Amino acid sequence: MRNYLAIVKKEMHTLFVSPIAYVVLAVFFAVSGYFFYIITSSIIQRVMEMGFRSQQFGSAPPPIDVPAVILGNYFSVISTILLFLVPMITMGVFAEEKKRGTIELLFTSPLTNLQLILGKFTGMMLFLLIMLLPTILKSFLLYLYSEPKPPLGPIYTGFLGALLLGGALLTIGLFISSLTENQIVAATLCFGVFIILWVVDAVAGAGTTVGNEALRYLSIMNHYEDFTKGVLDSRHVVFYVSMIFLGLFLTSVSLNSAKWRA
């Protein structure tokens, strides 16, 4: 446990002594805040226009759960932002260790691969949690200023979905970073894989064959949609948890291979 905590502490220190961490946080906070404002303003304006039109025709305005619509759109934007920023977080996790030659020190230290990988993954998850905290604060502010009070389900599921999606993306980036010593190459490959997993649902189309269903199942965004709607489906949770375990396993295999070559 001591070795694991030491790796977590080292990873957090490495992240926050690098300007990349602050750039990622600044970009995420600025872009997510901007879209939250834009989404909230446009939806409220649309609801007001619908209410005005209903009054003109002497009918009651259609019932709309405004907070749920705002949160659904907002968490959808969060997922897209993560696709672009996670490669910047993970690109140097192992690639920089290889470039500096410190990976050999980690291999010869009294550390198991499991402690090393889980320590680095935990450090990145803590960083992701720091990134996502403002999103849940905005969501609760929306809840506090809404009348009548909306259900809290979409807030919890949206935040959980973002954490699970982020965790799955981080493990993919972790694995790719273990394959190379060049951070730019790691970031580029990582982004390419994310794009493929993002658009694979569109490639499958509307077909009902087994192959099309398999492609749709592999879409990381397809499993995220229900979380933004306040629906907690165990199938989607299992998918993301499985992706996380697969990414950690592949990283372990990659490090074992590098250790034997060293």
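What you see is a predicted model, and the numbers here were worked out from it, not measured in a lab.

Regarding the overall build of the protein chain
The secondary structure content of the protein chain amounts to 11 helices and 0 strands. For the protein chain, the N- to C-terminal ordering of α and β elements is α-α-α-α-α-α-α-α-α-α-α. Buried residues in the protein chain amount to 44% of all 262 residues. Contacts in the protein chain between residues far apart in sequence, at least 24 positions, make up 77% of those at least 6 positions apart.

Some remarks on the pattern of salt bridges
A side chain with one charge may pair with a side chain of the opposite charge, provided their charged atoms come close. Under the counting rule described, the total for this entry stands at 2 salt bridges. Linking Asp-233 and Arg-235 is a salt bridge whose minimum nitrogen-to-oxygen distance equals 2.7 Å. Judged by relative accessible area, which is 16%, Asp-233 ranks as buried. On the accessibility criterion, Arg-235 (56% relative accessible area) is exposed.

Description of helix 1 (residues 2-17)
With 16 residues, helix 1 extends 22 Å from end C-alpha to end C-alpha; this agrees with the ideal 22 Å at 1.5 Å per step. Among all positions in helix 1, only Ile-7, Val-8, Glu-11, Met-12 and Leu-15 are buried. Angularly, the buried residues of helix 1 cover 130° about the axis, an arc narrow enough to put them on a single face. Exposed positions of helix 1 whose direction lies more than 90 degrees from the buried face are Arg-2, Lys-9, His-13 and Val-17.

Looking at a nonpolar patch on the surface
Taken together, Tyr-34, Phe-35, Tyr-37 and Ile-38 make up a surface patch of nonpolar side chains, about 420 Å² in accessible area. Inspection of the secondary structure assignment puts Tyr-34 in helix 2 (residues 19-56).

Considerations on the packing of helix 6 (residues 113-144) against helix 7 (residues 153-177)
Close contact between helix 6 and helix 7 brings their axes to 9 Å; oriented N to C, the two are set at 155°. Taken together, the axes of helix 6 and helix 7 are roughly antiparallel relative to one another. The element helix 6 and its partner helix 7 pack so that their crossing is right-handed. Along the lines of polarity and charge, the residues of the contact of helix 6 with helix 7 split into 18 nonpolar, 5 polar and 1 charged.

Side note on the nonpolar core
By size, the foremost hydrophobic cluster in this structure holds 62 residues, and its most contacted members are Met-131 and Ile-220. For this core, the elements supplying multiple residues, two or more each, are helix 1, helix 2, helix 3 (66-90), helix 5 (102-108), helix 6, helix 7, helix 8 (183-204) and helix 11 (234-261). Sorting elements by how many residues they give to this core places helix 3 first, with 13 residues.

Here we look at the side chain of Thr-171
With respect to the helices, strands and loops of the structure, Thr-171 is situated in helix 7. The class of Thr-171 is buried, set by a relative accessible area of 0%. From its side chain, Thr-171 meets the backbone oxygen of Ala-168 in a polar contact 2.8 Å long. With sequence-adjacent residues up to four places away left out, Thr-171 is seen in contact with Phe-121, Met-243, Ile-244, Gly-247, Leu-248 and Thr-251.

Basis of the calculations
- Residues numbered from 1 in each chain as written.
- Predicted model: local features only at pLDDT ≥ 70, side-chain atom pairs only at ≥ 80, totals over all residues.
- Heavy atoms only, no water.
- Helix = DSSP H or I, 4+ residues; strand = E, 2+ residues; numbered from the N terminus.
- Buried < 20%, exposed > 50% of the residue type's maximum accessible area, 1.4 Å probe, protein only.
- Contact = heavy atoms within 4.5 Å.
- Salt bridge = Lys/Arg side-chain N within 4 Å of Asp/Glu carboxyl O.
- Expected span 1.5 Å × (residues − 1).
- Arc of directions from axis to C-beta.
- Patch = residues over 30% accessible without salt bridge, like charges linked within 9 Å, V, L, I, M, F, W, Y side chains within 5 Å.
- Areas by Shrake-Rupley, 256 points an atom, 1.4 Å probe, with all protein chains shown as cover.
- Axes fitted to C-alpha atoms, helices over the stretch in contact; angles between N-to-C directions.
- Parallel < 35°, antiparallel > 145°, perpendicular 65-115°, else oblique.
- Left-handed = near helix turned anticlockwise from the far one by under 90°.
- Nonpolar A, V, L, I, M, F, W, Y, C, P; charged D, E, K, R; others polar.
- Core = buried A, V, L, I, M, F, W, Y, C linked by side-chain atoms within 4.5 Å.
- Polar contact = N/O pair within 3.5 Å; in protein donor to acceptor, adjacent residues only side chain to side chain.

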